[in-house]
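# Structural description and commentary
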Amino acid sequence: MADEPEIDEHEDDDEQRLDPEAVARREAAMAKIVRMGDPVLRTVARPVDEFDGELREEISWMGQLMHDALGVGLAAPQVGISHRLFVYRVEPDSPIVAVINPELEWTGDDTELGEEGCLSIPGIQVDVERPVHVRVGGLDANGDVVHIEAEGLEARVIQHEMDHLDGVLILDRTSKDERKAAMRKLREMERSRAA
Ligand code: NI
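On a predicted model such as this, the values are computed, not experimentally measured, just so you know.

Conventions adopted
- Residue numbers restart at each chain and count upward from 1, following the sequence in its written direction.
- Local features in a predicted model are, by the rule used here, given only for residues with pLDDT of at least 70; side-chain atom pairs are given and counted only at 80 or more, and totals for whole chains, interfaces and linings are based on all residues.
- Calculated side-chain values reflect all of the structure's heavy atoms, with hydrogen atoms and water omitted.
- Here a helix means four or more residues in a row that DSSP labels H or I, a strand means two or more in a row labelled E, and each is numbered from the N terminus.
- All radius of gyration figures rest on C-alpha atoms, and the globule criterion is 2.2 Å times the number of residues raised to 0.38.
- For the exposure calls, accessible area comes from a 1.4 Å probe over protein chains only, and a residue counts as buried if that area is under 20% of its type's maximum, exposed if over 50%, partly exposed in between.
- Contacts were defined at the residue level, with two residues in contact if any of their heavy atoms lie within 4.5 Å.
- Only the protein chains shown count as covering a residue, and every accessible area follows the Shrake-Rupley method with a 1.4 Å probe.
- Two strands pair if DSSP finds at least two bridges between them.
- In this description, a line fitted to the C-alpha atoms serves as the axis of each element, helices being fitted only across the stretch in contact, and the angle between N-to-C directions of two axes falls anywhere from 0 to 180 degrees.
- Here the nonpolar core consists of buried residues drawn from Ala, Val, Leu, Ile, Met, Phe, Trp, Tyr and Cys, with membership extended through side-chain atoms lying within 4.5 Å.
- Confidence of the predictor in every single residue is expressed as pLDDT, which spans 0 to 100.

## A few points about the overall build of the protein
- A count of helices and strands for the protein gives 6 helices and 7 strands.
- Each helix and strand of the protein, placed in order from N terminus to C terminus, yields the pattern α-α-α-β-β-β-β-β-β-β-α-α-α.
- Taking 2.2 N^0.38 as the reference for a compact globule, 195 residues should give roughly 16 Å; the C-alpha atoms of the protein span a radius of gyration of 16 Å, in line with that estimate.
- Principal-axis analysis of the C-alpha atoms places the extent of the protein at approximately 50 × 40 × 30 Å.
- Per-residue burial for the protein yields a buried fraction of 46% across its 195 residues.
- A separation threshold of at least 6 residues defines the contact pool for the protein, and within that pool the share at least 24 residues apart is 67%.
- Per element, the accessible surface of the protein, about 10100 Å² overall, is 48% carbon and sulfur.

Structure below.
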């Protein structure tokens, strides 16, 4: 969930269900996405203050990368840009939404534990507890004010992406045991790549 769809698109069995072109597109997109370990992912991103053609290009590029990577959300720091901006799309056929300089306006009292992955930490899923309902204010690509009320998966994705803008990753939001297991798996994957 969150950045990645509910199923982990990086698992081999899943990959076999994609046609070769989609696999190639996904790999090309993943190669442009910054991985955990890069300092940009640990940096508090800067507010966007220019709503120009460059920003619109940045948004459409991020939307394309998210689409190609089969993700449901992508924050600007994940493409190496320290901007308070993210794109997301929970339903495959709905338009991609861009939210700029988002602020959490309200969270409900109910929380829920859910599995999340992250395009910057491929192959890892951990449980993260988050509020089920949120309201977020921000700006769209034209600099117009938007308010989003979301629940469930949409609320989870929004909170995950907003975390990226503050340098927070899912491993910071999970239990100590899950974090340790994830770090072990990352080291193993690193070793098998090197071998
Ligand atoms: Ni992420």
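Okay, back to it.
## Concerning unusual backbone geometry
- Located in the positive-phi region is L70, a residue other than glycine, with phi close to 60 degrees.
- Note that L70 resides in the loop between helix 3 (53–68) and strand 1 (73–75).
- By relative accessible area, L70 is classed as partly exposed at 30%.

## Here's the deal with the sheet that holds strand 7 (residues 145–151)
- As summarised here, the arrangement of the 5 strands in space is 1-2-3-6-7, forming an open sheet in which the pairing is antiparallel. Where the open sheet ends on each side, the last strands, each with one partner, are strand 1 and strand 7. For this sheet the average axis-to-axis angle between neighbouring strands, irrespective of direction, equals 40 degrees.
- Here strand 6 (residues 133–139) pairs with strand 7 via 7 bridges, running antiparallel. Bridged to G138 within strand 7 is V146.
- Across the face of the sheet, helix 4 (residues 152–165) comes into contact with strand 1, strand 2 (85–88), strand 3 (97–107), strand 6 and strand 7 while running at roughly 125 degrees to strand 7.

## Thoughts on the nonpolar core
- Counting 19 residues, the largest nonpolar core has I59, M62, L74, L85, V87 and I100 as the members making the most contacts within it.
- Those elements giving two or more residues to this core turn out to be helix 2 (20–32), helix 3, strand 2 and strand 3.
- No other element matches the 5 residues that helix 3 contributes to this core.
- Excluding residues within four positions of it along the chain, I59 makes contact with L85, V87, A98, I100 and A141.
- Core analysis: the next-biggest nonpolar cluster, separate from the first, contains 14 residues, V134, V136, I148 and A155 among them.

## Details of the confidence of the model for the protein
- When the pLDDT values of the protein are averaged, the result is 93; 92% of them are 70 or greater.
- Long-range and interchain partners of residues 6–13, a stretch whose pLDDT sits below 50, account for 19 contacts in this model, where long-range means more than four residues apart.

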